[in-house]
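# Observations on the model geometry
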Amino acid sequence: MTNYKQIIQDLSGMAYYHPQINSFGYGDITQITMDIETEQEPVYTKMYVVPGNVRLDENRLLYDFSIIILDRINEDYSNQRDVMSDTLEISKDIFTIIYQSYRPEYGDFSLFYTPEWGPSVTPFLEAYETILGGWTMNITLEQPFDYNICVLPIYSGFTLPVSTNLVNYKQVIEDLEDFANNHEQINSFGYGDLTQLTMDVITKQEPKYTRMYVIPGDTLLNQNELVYNFQIIVTDQLNSDYSNQRDVMSDTLEIMKDIMATFYLSEYESLWPAGVEPFLENYETILTGWVMNIQLSQPFDYNRCDLPERPFANRWSDLAELWKNVNKEWKNT
């Protein structure tokens, strides 16, 4: 199974073996004019890959990338037409390589993932210290995927509820925490507002990474079911020179797939697809990883007989008197 890191490596290989491409990069758009290894401006023509969303869909994964092919434009813009034409040709080459690579000498890429048709290719023109022009190809790669819980890196003995019919919200959070505590690569768990991501509310210190953090979202009261929405962040620490960025992005995405597989194959129902977005934030520590928007569905019977409620008073005057009694009790407390 080809993972995220391998796909980035494949794209790097496509760039290396293309005779017109002289450098390759991966990361946030702000890093496009700085090679993180040489710490100098790269040699152009350059191919640069910006991570996009990942969709964990039923029996498949969908990876979004922005692939930028760019070159240097003269200060008087005299070579602009040539640059725009040449870089568009290279963009077409890269798409063709991904689409038609069924032989080992062509990379065998098409055996593991295929591009969706109709990618938009948008002109790119930016004036940094160097004027750069070219094209951005927004491409989606589709990969078959089996959510197999038997191969997950989880300690033995971990189980989820046999039935979720009577599970309340607190139990859902505890099940997510239980997953984190039993996953071999996760070193801390948190729940709350995004502002608490880098501060453990118990120890009052920065948590250990890799970290799984859950942010509550809306709950939908649907017919015969409850649907809980969560944002789940899986993040790890980046080196100051970003040298481990590809490893961190790949490893944390694998953990996201583990989360989805675990809950999909449990009594909870995770609704398709789960959208996963790249995460890069510069706190005192530089963190990167992924944010997954996940929906967990639980059967629910709207049974009036089970409610902790006393008989109703019929007249508004009776209710007003009852509330007066409550207020008196509070004043005496």
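Summary of the structure given here. (Residues numbered from 1 in each chain as written. Predicted model: local features only at pLDDT ≥ 70, side-chain atom pairs only at ≥ 80, totals over all residues. Heavy atoms only, no water.)

### Some words on the overall build of the chain
A tally of helices and strands in the chain yields five helices and twelve strands. For the chain, the C-alpha atoms occupy an extent of roughly 85 × 45 × 40 Å along the three principal directions. Buried residues in the chain amount to 45% of all 333 residues. Here the analysis covers contacts within the chain between residues at least 6 apart in sequence; of these, 62% occur between residues at least 24 apart. (Helix = DSSP H or I, 4+ residues; strand = E, 2+ residues; numbered from the N terminus. Buried < 20%, exposed > 50% of the residue type's maximum accessible area, 1.4 Å probe, protein only. Contact = heavy atoms within 4.5 Å.)

### Observations concerning the nonpolar core
Counting residues in each nonpolar core, the largest one holds 63 residues, and the members touching the most others are Met47, Phe65, Ile67, Met212, Phe230, Ile232 and Ile259. Not counting residues within four places of it along the chain, the set of residues in contact with Met47 comprises Leu11, Ala15, Ile21, Ser23, Phe24, Gly25, Ile67, Ile68, Ile69 and Ile94. (Core = buried A, V, L, I, M, F, W, Y, C linked by side-chain atoms within 4.5 Å.)

### Focus: the packing of aromatic side chains
Within a pair of aromatic rings, the relevant descriptors are the distance that separates the centres and the angle that separates the planes. Scanning the entire structure with this criterion turns up 20 aromatic pairs. Here the aromatic rings of Tyr16 and Tyr17 are separated by 5.0 Å at their centres, their planes lie at 85°, and the arrangement is edge-to-face. For the pair Tyr16 and Tyr17, a shared accessibility class is recorded, and that class is exposed. Among the aromatic side chains, those forming a connected cluster through ring pairs are Tyr4, Tyr26, Tyr63, Phe65 and Trp290. (Phe/Tyr/Trp six-rings, centres within 6.5 Å; stacked < 30°, edge-to-face > 60°.)

### So, the pairing of strand E8 (residues 211-222)
Direction of pairing for strand E7 (residues 188-191) relative to E8: parallel, over a ladder of four bridges. From the neighbouring strand, Tyr191 faces E8, where its bridge partner is Val214. Here E8 pairs with strand E9 (residues 225-237) via ten bridges, running antiparallel. Residue pairing across strands places Arg211 opposite Thr235, the latter belonging to E9. In sequence, E8 turns back onto E9 through a hairpin of two residues, with Asn224 there showing a positive phi of about 65°. (Pairing = 2+ DSSP bridges.)

### As for helix H3 (residues 169-182)
Since there are 3.6 residues in each turn of an α-helix, residues three or four apart along the chain are aligned in direction. Taking 1.5 Å of rise per residue, 14 residues should cover 20 Å, and H3 covers 20 Å from first to last C-alpha, within 8% of that figure. For H3, the full list of buried residues reads Val172, Ile173, Asp175, Leu176, Phe179, Ala180 and Asn182. Here the buried face of H3 lies against E7, E8, E9, helix H4 (245-264) and strand E12 (286-299). (Expected span 1.5 Å × (residues − 1).)

### Thoughts on the packing of H3 against H4
Their axes nearest at 12 Å, the elements H3 and H4 cross at an angle of 130°. Classified by the angle their axes make, H3 and H4 are oblique. Every pair of crossing elements has a handedness; the one defined by H3 and H4 is right-handed. Between H3 and H4, the residues in contact are Asp175, Leu176 and Phe179 and Asp258, Ile259, Thr262 and Phe263, respectively. Its residues assigned to classes, the contact of H3 with H4 shows four nonpolar, one polar and two charged. (Axes fitted to C-alpha atoms, helices over the stretch in contact; angles between N-to-C directions. Parallel < 35°, antiparallel > 145°, perpendicular 65-115°, else oblique. Left-handed = near helix turned anticlockwise from the far one by under 90°. Nonpolar A, V, L, I, M, F, W, Y, C, P; charged D, E, K, R; others polar.)

### Details of the pairing of strand E2 (residues 46-57)
When you tally the buried positions in E2, you get ten out of twelve residues, the bulk of the element. With four bridges joining them, strand E1 (residues 23-26) and E2 adopt parallel strand pairing. Looking at E2, one finds that Tyr26 is bridged to Val49. In this structure, E2 lies alongside strand E3 (residues 60-72), joined through ten bridges in antiparallel fashion. Its bridge partner lying in E3, Pro51 is registered against Phe65. Following E2, the chain reverses through two residues before pairing antiparallel with E3; Asn59 in that reversal takes a positive phi of roughly 65°. Bridging between E2 and strand E11 (residues 274-282) involves three bridges; their strand directions are antiparallel. Paired with Leu56 across the two strands is Ala274, which belongs to E11.

### Here we look at the environment of Thr45
Residue position: Thr45 is located in the loop between E1 and E2. Its relative accessible area of 9% is what places Thr45 among the buried residues. Sequence-wise, Thr45 and Val83 are 38 residues apart; in three dimensions their C-alpha atoms are separated by 9.2 Å. Ignoring any residue separated from it by four or fewer positions in sequence, one finds Thr45 in contact with Gln20, Ile21, Asn22, Ser23, Ile69, Leu70, Asp71, Thr87 and Ile90. Separated by 3.1 Å, the side chains of Thr45 and Asp71 make a polar contact. (Polar contact = N/O pair within 3.5 Å; in protein donor to acceptor, adjacent residues only side chain to side chain.)

### Examining the environment of Met14
As for its placement among the helices and strands, Met14 is situated in helix H1 (residues 4-16). For the pair Met14 and Glu284, spaced 270 residues apart in the sequence, the C-alpha separation amounts to 36 Å. With residues up to four places along the chain from it excluded, the contact list for Met14 reads Ile94, Ile97, Ile98, Phe109 and Tyr113.

### A look at the pattern of salt bridges
According to the stated counting rule, one finds eight salt bridges in the structure shown. The partner of Asp57 in a salt bridge is Arg60, with the nearest N and O atoms 3.3 Å apart. Accessibility expressed as a relative area gives 15% for Asp57, which makes it buried. The exposure class assigned to Arg60 is partly exposed, which follows from its relative accessible area of 25%. Arg315 is paired through a salt bridge with Asp318; the nearest N and O atoms lie 3.2 Å apart. (Salt bridge = Lys/Arg side-chain N within 4 Å of Asp/Glu carboxyl O.)

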